[in-house]
Amino acid sequence: MKNYIILVWILTFFAGTAEAQDGSPYRTSFKVDAPITAAGMGLSYYGLTQMQDKKGLTEEQVNSLNRNEVNKFDRFSAGYDSENAKKISDFPFYASFAMPLTLIFNDNVNGHFGQVFGLYVQTMAVTGAFFTITNGNVPRTRPMIYSNDVEMSDKMRANARNSFYAGHTAATASASFFFAKVFHDFNPDSPARPYVWAAAATVPAVVGYCRLKAGKHFLSDNLLGYAMGAAAGILVPQLHKKTNNTGISITPTLIPTLEGTAYQGANLSYSF
């Protein structure tokens, strides 16, 4: 099933890059973007295996934990474990994934939705790669592990050491800021743009707050997750803009051959 989903994503991306790009603010290339997306998915899977291999704490280690040893910035939340906050966080979390899909109803985006969907998949693949690899290599205990109301068996699970950094917040920020960025670029004269950006900023903030109250992540975990997700959601489309003002560009590397030209990879450049 997973292989089928990945195949659908890649075929959709191919359809998006093959369509005429006139009228779109973005320029995409299957030869460049498909390998980047595939690499992001592969690294996400690799990071996930690292997360699954993470060791949980022993009962003795759990009992030795002291909330006063948590850094002062995060200490206030050590012991949070609201189950209601955890349940509430799922609503905006899952809803955020649908936000970019609603762009199909925007007249300016509709004819380029295959291209936009391909960029969305790439954005989430990049977000997933950074998160899973980081989380798989940084075993930080969750705030809820300091609560007296949480069962010892839950505290000893490997998942209880997945605090750094906040994946739910990162994924939500990535999807919502991607939605705002694409809407912004396709609708330069729309008076709705400030409200779209405000919504994009609010949704992951709500998720981050709920994950904090649920004892899943410290404040610093959520802040980093928010920043990483927002950066991916904005930068992936920006790097594909036909008028990219960042000075950063990704282009295919071509060399002449007897048959014409041959693709050799991607070139990342920065001009100043």
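Definitions and limits used
- Residue indices begin from 1 for each chain and proceed along its sequence in written order.
- Local features in this predicted model are restricted to residues of pLDDT 70 or higher, and side-chain atom pairs are both shown and tallied only at a pLDDT of 80 or more, whereas totals for entire chains, interfaces and linings draw on every residue.
- Side-chain numbers come from the whole structure's heavy atoms, not from hydrogens or water.
- For helices the rule is a DSSP run of H or I covering at least 4 residues; for strands it is a run of E covering at least 2, with both sets numbered from the N terminus onward.
- To estimate how far a helix should reach, multiply one less than its number of residues by 1.5 Å.
- We call two residues contacting when some pair of their heavy atoms lies within 4.5 Å.
- In what follows, salt bridge is the name for a side-chain nitrogen of Lys or Arg lying within 4 Å of a carboxyl oxygen of Asp or Glu.
- Partly exposed residues are those whose accessible area sits between 20% and 50% of the maximum for their type, while under 20% is buried and over 50% is exposed, using a 1.4 Å probe and protein chains only.
- Positive charges are assigned to Lys and Arg, negative charges to Asp and Glu, while His and the chain termini are left out of the count.
- N or O atoms within 3.5 Å of each other form a polar contact, as long as, within protein, one can give a hydrogen and the other can take it, and as long as residues adjacent in sequence are counted only when both atoms are side-chain atoms.

A.B. asks: Please provide a residue-by-residue account of helix α9 (residues 193-213), values included.
C.D. replies: One turn of an α-helix holds 3.6 residues; hence residues three or four places apart share an orientation. Over its 21 residues, α9 runs 31 Å from end to end, which matches the ideal 30 Å to within 8%, given 1.5 Å per residue. As for α9, its buried residues are in contact with α4 (83-98), α8 (167-186) and α10 (219-239). Phi turns positive one or two residues past the end of α9, at Gly215, with a value near 80 degrees.

A.B. asks: Go over unusual backbone geometry with me, naming the residues and quoting the values.
C.D. replies: Cis geometry marks the peptide bond from Phe164 to Tyr165, where omega comes out at -10 degrees. Among the structural elements, Tyr165 can be located in the loop between α7 (152-155) and α8.

A.B. asks: Outline the pattern of salt bridges, listing residues and values.
C.D. replies: Under the defined criterion, the tally for this structure stands at 4 salt bridges. Across the pair Asp185 and Lys181 runs a salt bridge, and its minimum N-O distance is 3.3 Å. Of this pair, Asp185 and Lys181 both sit in helix α8, 4 residues apart, which is roughly one turn of the helix. Of the two residues, Asp185 and Lys181, both sit in the buried class. One connected set of salt bridges, linked through shared partners, spans Asp74, Arg140 and Asp221.

A.B. asks: Go over the side chain of Arg193, please, and point to the residues and values.
C.D. replies: Relative to the helices and strands, Arg193 resides in helix α9. It turns out Arg193 is buried and unbridged, and the closest side chain with the opposite charge, Asp185, is 5.9 Å from it. For Arg193, the side chain forms a polar contact with the main-chain oxygen of Pro188, separated by 3.3 Å. Among all residues touching Arg193, those that are not within four sequence positions of it are Phe183, His184, Asn187 and Pro188.

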